[in-house]
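Coordinate inspection notes
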Amino acid sequence: MELVTETQVRGKLSEVSKRFLARPERELTEAVLGLSATRKSLPAWLFYDATGSALFEQITELPEYYLTRTERALLTSYSDEILELASAGKSLSMSELGSGTAAKTGILLQAAVRRQGLVFYQPIDVSKVSLDTAREYINQRIPGVTVLPQLSNYVIEPIQLERHAGKKALVLYIGSSIGNFLKGERIRILRRLRDAMEPEEGLLLGTDLAPSQHKSLYALFAAYDDSQGVTAKFNLNVLTRLNREVGMNFNPNLFRHLIRWNAVESRIEMHLESIVRQEVMVPAGLDAMELRIRFGKGETIHTENSYKFNTGMIDEMFTAAGFSVTKVWTDPLQTFALTLAAAR
Ligand code: AVJ
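Rules of the game
Residues numbered from 1 in each chain as written. Predicted model: local features only at pLDDT ≥ 70, side-chain atom pairs only at ≥ 80, totals over all residues. Heavy atoms only, no water. Near = heavy atom within 4 Å. Polar contact = N/O pair within 3.5 Å; in protein donor to acceptor, adjacent residues only side chain to side chain. Areas by Shrake-Rupley, 256 points an atom, 1.4 Å probe, with all protein chains shown as cover. Helix = DSSP H or I, 4+ residues; strand = E, 2+ residues; numbered from the N terminus. Nonpolar A, V, L, I, M, F, W, Y, C, P; charged D, E, K, R; others polar. Domains from an automatic or database assignment. Contact = heavy atoms within 4.5 Å. Buried area = accessible area lost by both parts, 1.4 Å probe. Phe/Tyr/Trp six-rings, centres within 6.5 Å; stacked < 30°, edge-to-face > 60°. Buried < 20%, exposed > 50% of the residue type's maximum accessible area, 1.4 Å probe, protein only. Lys NZ or Arg CZ within 6 Å of the ring centre and 35° of its normal. Lys, Arg positive; Asp, Glu negative; His and termini not counted. Salt bridge = Lys/Arg side-chain N within 4 Å of Asp/Glu carboxyl O. Pairing = 2+ DSSP bridges. Axes fitted to C-alpha atoms, helices over the stretch in contact; angles between N-to-C directions. Expected span 1.5 Å × (residues − 1). Arc of directions from axis to C-beta.

1. Description of the site of the ligand
Near the ligand there are 15 residues, and of these Y65, G175, Y224, E304 and S306 occur at the shortest range. The side chain of Y224 places a nitrogen or oxygen atom 2.5 Å from an oxygen atom of the ligand. Between the ligand and E304 there is a distance of 2.7 Å, counted from a nitrogen atom to a side-chain nitrogen or oxygen. For the ligand, the protein covers 97% of the area, taking 350 Å² as the surface of the free molecule. Broken down by secondary-structure element, the contributors of at least two residues to the shell around the ligand are α3 (50-60), α9 (230-246) and β11 (300-307). Class assignment of the residues belonging to the shell around the ligand gives a composition of eight nonpolar, six polar and one charged. Looking at the shell around the ligand, you find at least three residues from each of domain 1 (6-62 + 233-296) and domain 2 (66-212 + 309-343).

Written out as structure tokens, the structure reads:
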């Protein structure tokens, strides 16, 4: 790999893509480019194929994964207040980035139906299975909601919010999904979202919070390295996905799930550590040039960042992206925050 230039890698990958890929080549090109870099990494959206999406659902139910249940409790307590502040007397429609199966969103949708009768809901996600699950779940459980699913990767594709005459949009970006992105990326995503919104429309953002006197680093570690090994499976599944979709030949048994707390960056990092010195192949395209990805023993692929926020980080991010904070809700132990912000 060291001997090949990035242009060669890109050229080569477009051949690989044409032959092997069902997905847009741009996405997997990004994935394999990450493996070709000196410090190997993969984009976090790669986790969410059908298997990965199901594993993530399992994670959200783990006793160690406090994020989902804390956010659910906040939504249960404050849905009415959130909708009251977001609507400012108008009727709302809702769009959600990274909706997954929309399990928690049901709480807000139910509250919205109670307020205004009918609600349009646009879940936006990279996972087809999750969108299907979301639509079915909502159609069965919450009459009054019209679900308009959109299969899209909001990280790299344009963000298009469904507009409805006479409705004010409320955008949901919950689950601390934004924690997957670096500071500059976070601002860029929120700015693109801001550009799709009208002034005064609301964005409800869920963020996991940094360790404090109430929240131990130990709890954070447990959340990302659970005793049943579900998170490890979730992490390792990206290798299986690359084998299937790009035709690579990873042996997942030769990698192990590894997490690190990066205090300087205030983030949990997930890595896959190569337990032996080894080589993995990206199969040859029409030019018959194979890519070999070499791993030293103990070398890692950085597969995910999960940023842990404080109020300063949240304020700064919203300001930079063209929003002003309306209100913040947190649990008593300050482990998780929901922030409502208005587009300026
Ligand atoms: C969906 C990005 C919020 O960072 O906590 C769960 C993904 N990674 N366990 C998170 C995840 C490992 C999750 N987010």
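2. Quick word on the domain arrangement of the protein chain
When the domains of the protein chain are assigned, the result is domain 1 (6-62 + 233-296) and domain 2 (66-212 + 309-343). For domain 1 versus domain 2, the distance between C-alpha centres works out to 29 Å. Contacts between domain 1 and domain 2 engage 14 residues on the former and 14 residues on the latter. Carbon and sulfur atoms make up 53% of the area that domain 1 and domain 2 hide from each other, which totals about 1200 Å².

3. Re the packing of aromatic side chains
Aromatic rings considered in pairs are described by the distance between their centres and by the relative angle of their planes. A full pass over the atoms with the stated rule returns 14 aromatic pairs. Each ring, one from F56 and one from F234, has its centre 6.1 Å from the other, and the planes form 40°; the classification is tilted. Separated by 178 residues along the polypeptide, F56 in helix α3 and F234 in helix α9 bring together distant segments of the chain. Of the residues examined, F56 reaches a relative accessible area of 23% and is grouped as partly exposed. Here F234 falls in the buried class, since its relative accessible area comes to 2%. The rings of F47, Y48, F56, Y65, Y224 and F234 are connected pair by pair, giving a single aromatic cluster. Over the ring of F295 we find K40, and its NZ or CZ is 5.0 Å from the ring centre. Here the basic side chain of R186 rests over the ring of Y307, its NZ or CZ set 4.5 Å away from the ring centre.

4. Notes on the side chain of R186
Looking at the element boundaries, R186 is found in helix α7 (residues 183-196). We note that R186 is buried and unpaired, the nearest opposite charge coming from E265 at a distance of 6.7 Å. In this structure R186 touches I178, F181, Y307, F309, M313 and M317, once residues within four positions along its chain are discounted.

5. Some words on the sheet that holds strand β8 (residues 267-274)
As summarised here, the arrangement of the three strands in space is β7-β8-β11, forming an open sheet in which the pairing is antiparallel. The sheet terminates laterally at β7 (255-262) and β11, the two strands that pair on one side only. On average, each strand axis in the sheet is inclined to that of its neighbour by 20°, with strand direction left out of account. As defined by bridge partners, β7 adjoins β8 across eight bridges and the pair is classed as antiparallel. Looking at the pairing, R260 lines up with E269 of β8. On top of the sheet, helix α8 (residues 217-224) reaches β7, β8 and β11; it is set at about 155° to β7, its chief contact. Contacting β7, β8 and β11, α9 runs over the sheet at an angle of about 60° to β8.

6. Some details on helix α6 (residues 128-141)
In a regular helix each residue adds 1.5 Å, so 14 residues correspond to 20 Å; α6 covers 20 Å between its end C-alpha atoms and thus fits that length. Among the residues making up α6, those that are buried are S130, L131, A134 and I138. The buried residues of α6 occupy an angular sector of 100° when the element is viewed end-on, so they sit on one face. Exposed residues lying more than 90 degrees from the buried face of α6 are E136 and Q140. The secondary structure elements touched by the buried residues of α6 are α3, α5 (105-116), β2 (119-125), β3 (145-147) and β4 (150-151).

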